[in-house]
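Here are the chains, one letter per residue:
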Amino acid sequence: MTHRDPPGIIAPHIPADAYRRAETTGAPIVVVVHHTDRTGRPLRHYLFPIAVAGAGVIGVFGLVAAFVALLDFAVHTAAAIGAAAGPIGVGGISLRLARGKST
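Report follows, based on the coordinates. Owing to the predicted nature of the structure, the values given are computational and were not obtained by experimental measurement. Counting starts from 1 at the beginning of each chain's written sequence and moves along it residue by residue. In keeping with the predicted nature of the model, local features appear solely for residues at pLDDT of at least 70, side-chain atom pairs appear and are counted solely at 80 or more, and the whole-chain, interface and lining totals rest on all residues. Excluding hydrogens and water, the side-chain values take into account all heavy atoms of the structure.

On to the overall build of the protein chain, then. Along its length, the protein chain carries 2 helices and 2 strands. In the protein chain, the succession of helices and strands from N to C terminus is α-α-β-β. Approximately 9800 Å² of the protein chain is accessible, and the part contributed by carbon and sulfur atoms is 68%. Strands are runs of DSSP state E lasting at least two residues, helices are runs of H or I lasting at least four, and both sets are numbered from the N terminus onward. The Shrake-Rupley method, run with a 1.4 Å probe, gives the accessible areas here. Residue values count only the displayed protein chains as cover.

Let us look at a nonpolar patch on the surface. Residues qualify for a patch when their relative accessible area is over 30% and they have no salt bridge, like charges being joined within 9 Å and the nonpolar side chains of Val, Leu, Ile, Met, Phe, Trp and Tyr within 5 Å. The salt bridge definition used is simple: a Lys or Arg side-chain nitrogen within 4 Å of an Asp or Glu carboxyl oxygen. A cluster of nonpolar side chains, Val 60, Val 64, Phe 67, Val 68 and Leu 71, forms an exposed patch at the surface whose accessible area comes to about 470 Å². For Val 64, the location among the structural elements is in helix H2 (residues 44-85). On the accessibility criterion, Val 64 (48% relative accessible area) is partly exposed. For every residue, the accessible area (1.4 Å probe, protein chains only) is compared with the maximum for its type, and the residue is labelled buried under 20%, exposed over 50%, or partly exposed between those bounds.

Further remarks concern helix H1 (residues 16-25). Sparse coverage of H1 is indicated by the burial of 1 of its 10 residues. Backbone geometry just after H1 places Gly 26 at a positive phi near 85°.

Quick look at the structure:
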C-alpha cells in the first residue's frame, strides 16, 4: 500500500541536518516532488455507465421484439378466426371478416 500524506503537505520530511545546514548558511532547500498520478479519468470509470446503457439497449430491443411477435400472433389468430367464422351479423348489419375465394 502506498503512503499518502494529507493534502497541502509539500515536503513530508526534511532531514534535520539538512535543515540546520541551510538555516546557518542561508542556502535554499530544494525539494523534488515526483508526481506519478495520471491525468484524466481511468477507463474503468467509464465501464459501468457503458455497461448499464448497453443492458438498457438490449432490454428495449427485446421488449420491441416481443411486442412485434405478439402483434404477429394476434394478426394470424384474427385472420384464422375470420376465415373460419364467415360473416358476423349484429342487429341486421353483417360484417365479412375475410373474403372468400370467389370474390
